[in-house]
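# Examination of the molecular architecture
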Amino acid sequence: MTIARAASSRRSFLGHSYSLVGVVAALVILAWTLIAIFAPYIIPHSIGDIVDDDYFGPMRQGLWLGSDYLGRDMLSRVLMGARYTVGISLAAVSIACFSGVMLGMIAAVTGGWLDTCLSRFLDAMNSIPSKLFGLVVVAAVGSSIPALILTLAVIYIPGAYRFARALAVNINTMDFMTVARVRGESIAYLIGSEILPNIIRPVLADFGLRFVFIVLLLSGLSFLGLGLQPPLADWGALVRENIGALPFAAPAVIVPSLAIASLTISVNLLIDNLPQKIRDRDA
Amino acid sequence: MTSGVLNLVLKRLAIAVVTLLIVLFAVFFATSMLPGDTASILLGQAATPEAVAGLRDAMHLNDPAILRFLRWLLGLLHGDLGTSYANEMPVAALIGGRFVNTMKLAGITTLLSVPLALTLGITAAMLRGSLYDRTVTIVSIGVISVPEFMVATLAVLLFAVYLKWLPALSSVNEAHSLTDLVRIYAMPVITLTFVISAQMIRMTRAAVIETLSTPYVEMALLKGASRSRMVLRHALPNALGPIVNAVALSLSYLVGGVIIVETIFNYPGIAKLMVDAVATRDLPLIQSCAMIFCLGYLFLITVADIIAIMSNPRLR
Amino acid sequence: MSNLVEVRNLKIEAKTDAGRLVEIIKDVSLDIADGEIVALIGESGSGKTTVALSLMGYARPGCRITGGEINVSGRNMAALSEKERAKSRGTDIAYVPQSAAAAFNPSSTIMEQVIEVTRIHKLMPPEQARKRAVELFKALSLPDPEGIGARYPHQVSGGQLQRLAAAMALISDPKLVIFDEPTTALDVTTQIDVLKAFKSVMRAGGVAGVYVSHDLAVVAQIADRIVVLKGGEVQETGTTAQILSAARHPYTRELLAAFEPKPRQAHADADAGTKPLLRIDNVTAGYGAVRADGLPVIRAVNSVSLVVEKGRNLGVIGESGCGKSTLARVIAGIHPAAAGDIVFDGRELERTARKRSQEQLREMQIVFQYADTALNPAKPVEDIISRPLAFYHRLDRQARSKRVDELLDMVRLPRTLRYRHPSELSGGQKQRVNFARALAAHPKLIICDEITSALDTVVASAVIELLKELQRELGLSYIFISHDLSVVEAICDEIMVMYNGERVELITPDKVKASTHPYSKLLFSSVPKLDPTWLDGLVRDPELVSRYGHR
């Protein structure tokens, strides 16, 4: 019954089947990416300009999302905030997944003491709660943008490693790996040509999930005042700045929250509704 | 218990000890990367170079890192957590009462969220595909996808701003009656329960659904067993390991959640203490708080793994 | 209604991954009389299990009964509500699964699960049910009938679990028992015990049965009538004797033909058979900790020697756990030997593949049993076959492409298959691609590890024929590892029998009937024959069985 329902909401195109939810989620992600790239050219006001006499102003013409605690334009600040939230998270998740997946595949293929040491060490790092790890490292090295990117990346390398290694270990037990090994293939070939193509889909899904984790952690740190420092402001920092608006339920505190939620929920939904390649045997 | 199980449990405990050492070293190492010289920070800008050098000596800051790590470890074993830089009080004294507060918060949340999440997760798996299942799934995806502070702000908006049932801030010292207590804990606990349950529901549901597709559950169906018998007698006992793991992993979200929740609601626990310590760069305090959190987390996942090992019927 | 089971125009639909509906059972009708055992026979995908399960009103997830009637003792299972169906499951109709090991709940005792049916349907008090179970254990000649129920499934062997599953089905005195390939996963010497036990309890109780199998010889021993299925349709129905002696349908004849022994002509080549290509001397290998003398604690292969001559084939036969697959991996250098010498083409080989030269690796190829895991699912066929060409022979793109066509021709696959992925091929096609990859290296020796075991009988015999042809054309040598005597007989010049890691006997195919070693005798006599009287007439030396049988 469920299958029938799920199938009816899927459409097919070019040998792939899509679901409507997935398409909408992808469009939201695309929109935020474009905004992150072009934000400086499309913001109506400079983010530092005080344009409203009142603070926590309501939505109205000209100030589409109201004003913040200093009377600055919220729309411009949210659009620019996208740049920091999306940019920093994307950089961090790319570093984390690339290193984690490479290490994971190498560990799975080589095995032996390298695998044991690497796994033991990274598993230990994984058992430090991420937010705590973030707090400690930020306390130590500060919260410049490069420092934040590296910190976030380091926090999520163990998870990416563990995930990729588990997948690669499964692939490694397959007979085609044995065949390639007794053919005399190098480790680079085994990783790049035999393992990677088989794990790339789950790895990409994991990339998305980890991106969500990083957005959430970055926002959390900024919310605690330990992330991006003023005058720069990502979405988490915008919520923090304007938390005073909570009793009035002003857009200044609600909009950045919604921005975070729209991005993270979209990524999650996209992962759950990825286009599926239709590969029917000619039965 | 057979020797096989005992061996596995001992091995798991040994791994926990190794992990603990690595984690402690990581915490120590990260905090000693702090830029600036601790001695000069402590003495302020007016300090003479001689005074700074004297203090450095007294604090053993010139020793190699590994030696300082070992000394710190030795101190920990004696219950000496060091002295706070900020107000020169022993760290143990600063943490004491607040630790109890945090444990209370975590304890109440656990008691609430574990039964709630297990019930929701298992029933959703049983009624897979129903409206109920899809509602539970969508809500839990939603909660997982948003930051904890947003769940907290939504809770404030709903319960404190619109409904005006509860105060937005907590203050444990003013608790005189049961109603006070409920009002104080309600907000943080509601927020934390949401955050933790969502994760636990998803993982429990997945674990039960996976066991429901095994041949022995199909066999039970072909014996004429009812749906509830299939789930309760055949699927659940075998999903126990993964479920315990799900519970432990989700409880570890408590750590992250507590940091945000204590800050938002101004709850006097160690997480709030630690966030303040990070702001003032109070090294010994950060180290100790971080250590407590890591210990708690490690304890949870170790216990979960051991239960999973012991619940494996093949090892009986 | 005169028959216990009357199925009329049964239709079952399945949903493909893309959401398309496919009719997998098309208009099937069949009858089963009281006390009659009917076999459903066919290759994988023929729908035999689907039909059998539908008798319980059950279709696996993704499948749906869309039409027809399934009358079992007067009730139409297709039209009943799920609750009503559940009432007859376990009581009127019981099921014995293919893999009892997977169908027993690992976290509950065997006795609990055997008597669960009586609890669910409140048939008798638990005490009485336990007594009845012990009686059944005795009737099924299980060892320790009083105590076996207290154990957990993982503490009992596969053959015993299969009989325990039968006890679980029979405890409620059902009118009909469905056996779903219940002996397929067992070794031949165990299979006989299980078959005998099934046959005697079914006969004693006068219970009707449906026996699903792909193996005509097994079915011949137990069934009164045979229904041949293919592509979700009934091809032919008849009594066992009719089907075996006077099959009308071409597909049934094909199935029967796969059983005909096709002895290999003796080698005419004067050149071949003179020089040894591979010689291994006293090779020992195993697992676990290494003792002081350098040998492993658990020995899978114990001091085995063998010789393969150029252009000749050696068969290695034995039951699961006898060390034959480990031997293959030792020779290929995948599992390094702990002791002994391997001499290939006159040169001593290193024990691990990593230390062997590229040329040595190229000349000895290994082909595995499961083409599903031996072919990288992420690559198209042409990439799979052309990799050895690039790696060993450094052919350029154009030369590779030409050679891939030639290789596909050699293994009798259409050239257009080169663009497909392994998941888009049938089992037999995959195994041919698997073999083409080995050929691409241009080897002197190919080690075939159970390469036909996962294939249907008809497909397997076609693959064997292909291997023989290629050998004639290319002058290859094979080491053929199998548990299936007929396969080894068909292709090998010499047969080595292994038991418990040791070489028991080396004989030529024509001498199989005159084997001298007691284990070989037991093994060879346990292979089912198409003759329906074979099982009843089989007399086995109980001492031999207790010495070598794997219970």
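As named in an unreviewed UniProt entry, chain B is Peptide/nickel transport system permease protein, taken from Mesorhizobium qingshengii. Per UniProt, the comment on chain B under Subcellular location (unreviewed entry) is "Cell membrane".

Named according to an unreviewed UniProt entry, chain A is Peptide/nickel transport system permease protein originating from Mesorhizobium qingshengii. Within the UniProt record for chain A, the comment given under Sequence similarities (unreviewed entry) is "Belongs to the binding-protein-dependent transport system permease family." You can read under Subcellular location (unreviewed entry) in the UniProt record for chain A the words "Cell membrane".

Further remarks concern the pattern of salt bridges. Charged atoms that come close allow side chains of opposite charge to pair. Inspection of the entire model under this criterion finds 47 salt bridges over all chains. One salt bridge in this structure joins Glu-116 of chain C and Arg-229 of chain B, with 2.7 Å as the shortest N-O distance. Of this pair, Glu-116 of chain C sits in helix H5 (residues 116-120) while Arg-229 of chain B is found in helix H10 (residues 227-264), placing the two residues in two different chains. One exposure class covers both Glu-116 of chain C and Arg-229 of chain B, and it is buried. As a salt-bridge pair, Arg-151 of chain C and Asp-144 of chain C come within 4.0 Å of each other at their nearest N and O atoms. Since its relative accessible area comes to 30%, Arg-151 of chain C is described here as partly exposed. Beyond isolated ion pairs, a larger network of salt bridges with shared partners links Lys-310, Asp-345, Arg-347, Glu-359, Arg-362, Glu-363 and Lys-444 of chain C.

Looking now at the interface of chain C and chain A. On the chain A side, the residues contacting the 32 residues of chain C number 22 residues. The junction of chain C with chain A conceals about 2400 Å² of combined surface from both sides, 54% of it contributed by carbon and sulfur atoms. Area buried by chain C at its contact with chain A is led by Thr-373, Asn-376 and Arg-387 of chain C, which between them contribute 19% of it. If you look at where chain C meets chain A, you find 2 salt bridges. In this structure, the salt-bridge partner of Glu-194 of chain A is Lys-379 of chain C, at a minimum N-O distance of 3.7 Å. Along the contact surface separating chain C from chain A lie 8 residue pairs in polar contact (both at pLDDT 80 or more). When contributions to the side of chain C that touches chain A are tallied by element, the ones reaching two or more residues are helix H12 (324-332), helix H14 (371-374) and helix H15 (381-393) of chain C. At 4 residues, H15 of chain C tops the list of elements feeding residues into the side of chain C that touches chain A.

Conventions and cut-offs
Residues numbered from 1 in each chain as written. Chains lettered and ligands numbered in written order. Predicted model: local features only at pLDDT ≥ 70, side-chain atom pairs only at ≥ 80, totals over all residues. Heavy atoms only, no water. UniProt positions renumbered as here; feature names shortened; annotations may be inferred. Salt bridge = Lys/Arg side-chain N within 4 Å of Asp/Glu carboxyl O. Helix = DSSP H or I, 4+ residues; strand = E, 2+ residues; numbered from the N terminus. Buried < 20%, exposed > 50% of the residue type's maximum accessible area, 1.4 Å probe, protein only. Contact = heavy atoms within 4.5 Å. Buried area = accessible area lost by both parts, 1.4 Å probe. Polar contact = N/O pair within 3.5 Å; in protein donor to acceptor, adjacent residues only side chain to side chain.

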